[in-house]
Amino acid sequence: MQIEALYSIYKQYPKISTDTRNIITDSIFFALKGANFNGNAFADQALDSGARYAVVDDVAYQKDERYILVEDVLTSLQDLARYHRKQLHIPIIGITGTNGKTTSKELLYAVLSQRYKAFATNGNLNNHIGVPLSILSIDATIEIAIIEMGANHLGEIAFLSDIAHPTHGLITNVGKAHLEGFGSFDGVKKTKGELYDYLQDHEGTLFLQGDNKDLVEMASHRNIHKIVRYGFSPDNDVIGKLLIANPYLAISWKERDKSAIYEVSTNLTGSYNTENFLAAIAVGLHFGVPAISINEGIAGYIPTNNRSQITKTNRNTVVADFYNANASSMVAALDNMKVLTVEHKVVILGDMFELGDDSYTEHAIIIQKAKALPLERLIFVGKEFFKHRSDDAEFYESTADARTAIVGLSGSFILLKASRGMSFERLLEVL
């Protein structure tokens, strides 16, 4: 089926389903394949559960007109999203980065929603499937959208940009993550920089952390004419300052060449989030959101995704920051613990995944940095950390072992930081 014909059906039934466990009534089911399943085999079930059509790529599963046969289901989903994007005459802000992209996305949404009917990527639907699904969730009522784009190999941001067609772009930062796929830190910068390439080629607007040497260097290699800079030094367009981090953040900010200074208290911890606030402020100002509304959006944002999220249990205060972890975000989390003026600090760190050949070295660096902090208790969890075990800290090979060791811990301010696969929510349960 030609994409124009498929789009005509989508306009009648503009909801997409990809999982038979969560079928939306009158949706179009895309029978995506996975490593261990063939989505075509679930087309019947999807239709029985309320889907209007099923898109399949195996003629053996095409039984009647409700089964739409295409050459490749995933490619058709992506092409449909690309076609839909071309019908949307709205600004789309593409956002990527090693750390902070999801928090920044949500802060941008909180700020822009003060003035516009805004859309933002749901959760972390930021890959070759998630971005098309996000684009296809944008209807005619939306005035502005924020699309998060993740990557773990070269060329992925370029591919996602070609689907989302961002008119504006933001890279939060670049750091050591997914080194298995990128090959090196230079590979990270090259891949994330593909967003800059897209903005250059399509005369887009770049929001740039003007004090980040890597990002500034990356931007300088492109010919991007429209740049809005934010940061801490006086030559930025939006200038900010961290006022309090104990543990919630309060910041001040102003526009360059203007005298008014604004202050806002937040519900986020982590001094590293200051630049995420400034990014949202810069974007809000660019799109005409009044300063008072910007502050209302930031002050009202409450994290719920185990990213810089403070949880107060019956016995402890816990910084739940275990949705993901890499070498850069680990350093940022430890730096934040260093500046916090709280008592009875405990740090529990879990393995960082996808570091490839750099894994041994990067885990060793984190151990040494953590040991330099004034802590009441320092715990490392996972097979990679366990390779460096010593007598001056606690090392546990598994999350289950660590869980047993921390039962009874009380009266502490605790950082939980690990890659998602370490299942640190199991530790939070006993704290």
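Per-chain numbering applies: the sequence of each chain, read as written, is numbered from 1 onward. Only residues with pLDDT of at least 70 get local features here, since the model is predicted, and only at 80 or more are side-chain atom pairs given and counted; chain-wide, interface and lining totals rely on the full set of residues. Excluding hydrogens and water, the side-chain figures rest on all heavy atoms present in the structure.

Engineer: Now, about the overall build of the chain: what can you tell me, with residues and values included?
Structural biologist: Scanning the chain from terminus to terminus reveals 17 helices and 19 strands. Both definitions apply: the radius of gyration is a C-alpha atom measure, and the globule rule equals 2.2 Å times residues to the power 0.38. Against the compact-globule benchmark of 22 Å for 431 residues, the chain has a radius of gyration of 23 Å, which places it among compact chains. In terms of principal-axis extent, the alpha carbons of the chain reach across some 65 × 55 × 40 Å. Here's how the labels work: a residue is buried when its accessible area is under 20% of the maximum for its type, exposed when over 50%, partly exposed in between, all with a 1.4 Å probe on protein chains only. Taken across its 431 residues, the chain has 53% of its residues classed as buried. We call two residues in contact when some of their heavy atoms are within 4.5 Å. Taking the contacts inside the chain whose residues are at least 6 apart along the sequence as the reference set, 63% of them involve residues at least 24 apart. All tallies of charge rest on Lys and Arg as positive and Asp and Glu as negative; His and the ends of each chain are not included. Positions of charges follow a simple convention, taking NZ of Lys, CZ of Arg, CG of Asp or CD of Glu. When the 41 basic and 51 acidic side-chain charges of the chain are each reduced to a single mean position, those positions are 4 Å apart. Starting at the N terminus, helices and strands are each numbered in turn, a helix being any DSSP run of H or I of at least four residues and a strand any DSSP run of E of at least two.

Engineer: Please give an account of the pairing of strand β9 (residues 205-209) that cites residues and values.
Structural biologist: For β9, a buried count of five out of five residues is recorded, marking the element as mostly surrounded by other parts of the structure. Where burial is concerned, the two faces of β9 agree: the one with Thr 205, Phe 207 and Gln 209 and the one with Leu 206 and Leu 208 are both buried. At least two bridges found by DSSP between two strands are what make those strands a pair. The sheet contact formed by β9 and strand β10 (residues 226-231) spans five bridges and is parallel. Within β10, the residue paired with Thr 205 across the bridge is Lys 226. For the crossover from β9 across helix α10 (residues 213-220) to β10, the handedness is right-handed. A crossover gets the label right-handed when its path from the first strand over the helix to the second runs clockwise, viewed with the strands pointing away from the viewer.

Engineer: An account of empty space enclosed by the protein is needed here, citing residue identities and associated values.
Structural biologist: Of the two site types, the cavity is a set of points on a 1 Å grid over the protein atoms alone where a 1.4 Å probe fits but cannot get out, and the pocket is an open set with protein on both sides within 12 Å along at least five of seven lines, each lined by residues with an atom within 4 Å of a point. Grid points are joined across faces, edges and corners, and a volume is the space filled by probe spheres set on the points. Applying the stated criterion to the full structure yields one cavity of 30 Å³ or more. Taken as a whole, the largest cavity encloses approximately 40 Å³ of empty space. Taken together, Thr 269, Gly 270, Tyr 272, Val 319, Ala 333, Asn 336, Met 337 and Leu 415 form the lining of the largest cavity. For the lining of the largest cavity, the element with the highest residue contribution is helix α13 (residues 327-339), accounting for three residues. Residues are grouped as follows: nonpolar covers Ala, Val, Leu, Ile, Met, Phe, Trp, Tyr, Cys and Pro; charged covers Asp, Glu, Lys and Arg; every other residue, Gly included, is treated as polar. Across the lining of the largest cavity, the residue classes tally to five nonpolar, three polar and no charged. Marked domain ranges trace back to an automatic or database domain assignment. Counting contributing residues per domain, the lining of the largest cavity is built from domain 2 (88-300) and domain 3 (309-429), each supplying no fewer than three.

Engineer: Talk me through the sheet that holds strand β14 (residues 309-312); I want residue IDs and the actual numbers.
Structural biologist: Strand order in the open sheet made by the six strands is β14-β15-β19-β16-β17-β18, with mixed pairing throughout. At either margin of the open sheet sits one strand with a lone partner, and together these are β14 and β18 (394-396). Averaged over neighbouring strand pairs, the angle between their axes works out to 20° when direction is ignored. Where strand β16 (residues 345-350) meets strand β17 (residues 377-381), five bridges bridge the pair, whose relative direction is parallel. Its bridge partner lying in β17, Leu 349 is registered against Phe 380. Simply put, an axis is a line fit to the C-alpha atoms, just over the touching stretch for a helix, and the angle between two N-to-C directions goes from 0 to 180 degrees. Sheet contacts for α13: β16 and β19 (413-417); angle to β16, the most-contacted strand, approximately 175°. Along the sheet face, helix α16 (residues 399-406) touches β16, β17 and β18 and points at about 160° away from the line of β17.

Engineer: Residues and numbers for the sheet that holds strand β6 (residues 118-120), please.
Structural biologist: As summarised here, the arrangement of the nine strands in space is β6-β7-β5-β8-β9-β10-β11-β12-β13, forming an open sheet in which the pairing is mixed. Of all strands in the sheet, those bounded by a partner on one side alone are β6 and β13 (261-269). Going from strand to strand, the sheet's axes swing by 20° on average, the running direction of each strand aside. In the sheet, strand β8 (residues 168-171) pairs with β9 via three bridges, with the strands oriented parallel.

Engineer: Go over the UniProt feature "domain: Mur ligase N-terminal catalytic" (unreviewed entry) in the chain, please, and point to the residues and values.
Structural biologist: UniProt positions are given in the numbering used here, feature names are shortened, and annotations may be inferred rather than shown by experiment. Taken from the UniProt record, the annotation "domain: Mur ligase N-terminal catalytic" (unreviewed entry) applies to residues 16-83. In the segment residues 16-83, helix accounts for 25% and strand for 18%; the C-alpha atoms at its two ends are 15 Å apart.

Engineer: Can you tell me about unusual backbone geometry, naming the residues and giving the values?
Structural biologist: Note that the residue after Asn 246, namely Pro 247, is joined by a cis bond; omega there is -10°. Along the polypeptide, Pro 247 turns up in the loop between β11 (238-245) and β12 (248-255). Even without being a glycine, Asp 257 presents a positive backbone phi close to 70°. Assignment of secondary structure puts Asp 257 in the loop between β12 and β13. If you check the backbone angles, His 344 has positive phi at about 55° while not being a glycine.

Engineer: Run through the layout of surface pockets, naming residues and quoting values.
Structural biologist: Summary: where empty space remains is shown by rolling a probe the size of a single water molecule over the atoms. Estimates place the volume of the second largest pocket at around 360 Å³. Lining the second largest pocket are 18 residues, with Pro 14, Lys 15, Leu 136, Ser 137 and Ile 138 positioned closest to its centre. Among the elements of the structure, α1 (3-12) and α5 (130-135) are those that each provide at least two residues to the lining of the second largest pocket. Looking at which domains feed residues into the lining of the second largest pocket, each of domain 1 (8-70) and domain 2 (88-300) supplies at least three.

Engineer: Give a detailed account of the packing of helix α3 (residues 73-87) against helix α6 (residues 156-164), specifying residues and quantitative values.
Structural biologist: For the pair α3 and α6, interaxial distance at closest approach is 7 Å and the crossing angle is 50°. Viewed along their axes, α3 and α6 adopt a mutual orientation that is oblique. Here Gln 78, Ala 81, Arg 82 and Arg 85 of α3 lie close against α6, whose contacting residues are Phe 159, Asp 162, Ile 163 and Ala 164. Per-class residue counts for the contact of α3 with α6 are four nonpolar, one polar and three charged. If an angle is under 35 degrees, it is roughly parallel; if it is over 145, roughly antiparallel; if it lies from 65 to 115, roughly perpendicular; otherwise it is oblique.

Engineer: Requested: an account of the nonpolar core, with residues and values cited.
Structural biologist: Nonpolar side chains in soluble globular proteins generally cluster together in the buried interior. Among buried residues, those of type Ala, Val, Leu, Ile, Met, Phe, Trp, Tyr and Cys that are joined through side-chain atoms within 4.5 Å constitute a nonpolar core. Membership of the largest hydrophobic core comes to 107 residues, with the highest contact counts inside it found for Phe 30, Ile 138 and Leu 349. Element by element, the count of residues in this core is highest for helix α11 (residues 274-286), at seven residues. Beyond its immediate chain neighbours, meaning those up to four positions away, Ile 138 contacts Tyr 10, His 84, Leu 88, Ile 90, Ile 92, Phe 119, Ala 145 and Ile 147. Ile 379, Tyr 396, Ile 406 and Leu 431 belong to the second largest nonpolar core, which has 20 residues in total.

Engineer: For α3, give the residues involved together with the corresponding values.
Structural biologist: Each α-helix winds once per 3.6 residues, and so residues spaced three or four apart point in a common direction. Helix span, as expected, comes to 1.5 Å for every residue beyond the first. The first and last C-alpha atoms of α3 sit 21 Å apart over 15 residues, in line with the 21 Å expected at 1.5 Å per residue. If you check which residues of α3 are buried, you get Val 73, Ser 76, Leu 77, Gln 78, Leu 80, Ala 81, Arg 82, His 84 and Arg 85. N or O atoms within 3.5 Å of each other form a polar contact, as long as, within protein, one can give a hydrogen and the other can take it, and as long as residues adjacent in sequence are counted only when both atoms are side-chain atoms. Sitting at the amino-terminal end of α3 is Asp 72, which places a side-chain oxygen 3.3 Å from the backbone nitrogen of Leu 74.

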